[in-house]
Amino acid sequence: MTLLITVFAAIVATIVWYKHAPNDDWKIGTLALMYWGASLMWMVDAIFEYAELKEEFFQPEVADLINDSFLGFTVVALGLVIWLVVLLAKDPKGVLRSKFATKKN
Amino acid sequence: MACFLVPTAEAIVTTIAAKVMAKKEKNMEIHHEGGSSEIIEKSRFSRKLGWLNNMLWGGSALLALEHVWHGEVVPWFPFLTAATDAADRAEMLHEMATVGVTMALLVTTAWAIMVLVSTHLEKSAAKEAKIDTAEKAVVPVSEKE
């Protein structure tokens, strides 16, 4: 479930990035790459787990499914927080810089 | 257990490499014998390396959260619960060598494909631009005739 939720987040972020490309003022490309990186890593994890569990891998317990979904949404939220920090730190629109410059004047 | 540490280690290396490359690319200026100099257009490989950094750092950070979630990473020494027991430590190292290395390889392969595709697109765009310029240059000649 965590993998699925992260893949959907990566697809949505990529669509939003593509819609606004080549303009990437909002650094959506960074967010999409972060989610894709995590998705690829979880895919590897899932493949290794499948090799170990075989068909059991596709029959998870309901409690595990709920826990994994909760984790997936938390992962998406953390990705958004990291992206927000990157966005404000890089400040591509110069909003924060101009605000501080105005205060200095 | 600690598979995310392998992509994290790769991310540290590629981040340093991207920083060094970006500095070198900025200083790419050719001085000719006659005294003139020419600034070569900045190769954007460091920017492309940034894609890999984003994937590795982002993926590692999100996977680290999963390990905290499952109690495999703790905020006290030695930070990895598997590191306290010898048998668990061996299992952890085995997982890093198999799952962790495969993760790093897959992300790097995906990035390499992205670089190849973008380089191909850049080359074909440059070719089209050349053809356009050549066609535009030909027009006034034919008009004169």
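Up top is the structure these notes are about.
Overview of the structure. Every value quoted in this text rests on a predicted model; they were computed, and no experiment measured them.

## Considerations on the overall build of chain A
Then, number 1: The helix and strand tally for chain A stands at four helices and zero strands.
Then, number 2: Ordered by position in the sequence, the α and β elements of chain A form the string α-α-α-α.
Then, number 3: Buried positions account for 31% of the 105 residues belonging to chain A.
Then, number 4: In chain A, of all internal contacts separated by at least 6 residues, the share reaching a separation of at least 24 is 75%.
Then, number 5: A total of about 7,100 Å² of accessible surface is found on chain A, and carbon and sulfur atoms cover 69% of it.

## A short note on the interface of chain B and chain A
Then, number 1: Chain B puts 23 residues into the contact, and the matching count from chain A is 21 residues.
Then, number 2: Across the interface of chain B and chain A, roughly 2,000 Å² is buried in total on both sides, 84% from carbon and sulfur atoms.
Then, number 3: Counting the contacts that link chain B with chain A gives zero salt bridges.
Then, number 4: If you look at where chain B meets chain A, you find two residue pairs in polar contact (both at pLDDT 80 or more).
Then, number 5: Listing elements by their share of the side of chain B that touches chain A, those giving two or more residues are helix H2 (45-69) and helix H3 (86-144) of chain B.

## Re the nonpolar core
Then, number 1: Tyr35 of chain A together with Leu63, Met92, Met103, Val107 and Trp111 of chain B are the most contacted members of the largest nonpolar core, which has 47 residues in total.
Then, number 2: Those elements that provide at least two residues to this core are helix H1 (2-20), helix H2 (28-53) and helix H3 (62-90) of chain A together with helix H1 (5-26), H2 and H3 of chain B.
Then, number 3: At 11 residues, H2 of chain A tops the list of elements feeding residues into this core.
Then, number 4: Excluding residues that lie within four positions of it along the chain, Leu63 of chain B makes contacts with Ala38, Met41 and Trp42 of chain A together with Cys3, Phe4 and Met103 of chain B.

## Topic: the packing of aromatic side chains
Then, number 1: The tally for this structure, following the rule as stated, stands at seven aromatic pairs over all chains.
Then, number 2: Ring plane angle 80° and centroid distance 6.1 Å describe the contact between Tyr50 of chain A and Phe57 of chain A, whose orientation is recorded as edge-to-face.
Then, number 3: Measuring from centroid to centroid gives 5.3 Å for Phe70 of chain A and Trp69 of chain B, while their planes differ by 80°, and the two rings are edge-to-face. Highlighted residues: Phe70 of chain A in helix H3 and Trp69 of chain B in helix H2, drawn from two different chains.
Then, number 4: Residue classification places Phe70 of chain A among the exposed positions, given a relative accessible area of 55%.
Then, number 5: Since its relative accessible area comes to 28%, Trp69 of chain B is described here as partly exposed.

## Re unusual backbone geometry
Then, number 1: Going from Ala21 of chain A to Pro22 of chain A, the amide bond is cis rather than trans, its omega being 5°.
Then, number 2: With respect to the helices and strands, Pro22 of chain A occurs in the loop between H1 and H2.
Then, number 3: The omega angle of the peptide bond from Phe77 of chain B to Pro78 of chain B is 5°, so this bond is cis rather than trans.
Then, number 4: Here Pro78 of chain B shows up in the loop between H2 and H3.
Then, number 5: Not every positive phi belongs to a glycine, and Lys27 of chain A is a case in point at roughly 55°.
Then, number 6: Within the secondary structure layout, Lys27 of chain A lies in the loop between H1 and H2.
Then, number 7: Overall, the relative accessible area of 22% leaves Lys27 of chain A in the partly exposed class.
Then, number 8: Even without being glycine, Phe79 of chain B reaches a positive phi, approximately 70°.
Then, number 9: Position of Phe79 of chain B relative to the elements: it lies in the loop between H2 and H3.

What counts, and where the lines are drawn
- Residues numbered from 1 in each chain as written.
- Chains lettered and ligands numbered in written order.
- Predicted model: local features only at pLDDT ≥ 70, side-chain atom pairs only at ≥ 80, totals over all residues.
- Heavy atoms only, no water.
- Helix = DSSP H or I, 4+ residues; strand = E, 2+ residues; numbered from the N terminus.
- Buried < 20%, exposed > 50% of the residue type's maximum accessible area, 1.4 Å probe, protein only.
- Contact = heavy atoms within 4.5 Å.
- Areas by Shrake-Rupley, 256 points an atom, 1.4 Å probe, with all protein chains shown as cover.
- Buried area = accessible area lost by both parts, 1.4 Å probe.
- Salt bridge = Lys/Arg side-chain N within 4 Å of Asp/Glu carboxyl O.
- Polar contact = N/O pair within 3.5 Å; in protein donor to acceptor, adjacent residues only side chain to side chain.
- Core = buried A, V, L, I, M, F, W, Y, C linked by side-chain atoms within 4.5 Å.
- Phe/Tyr/Trp six-rings, centres within 6.5 Å; stacked < 30°, edge-to-face > 60°.

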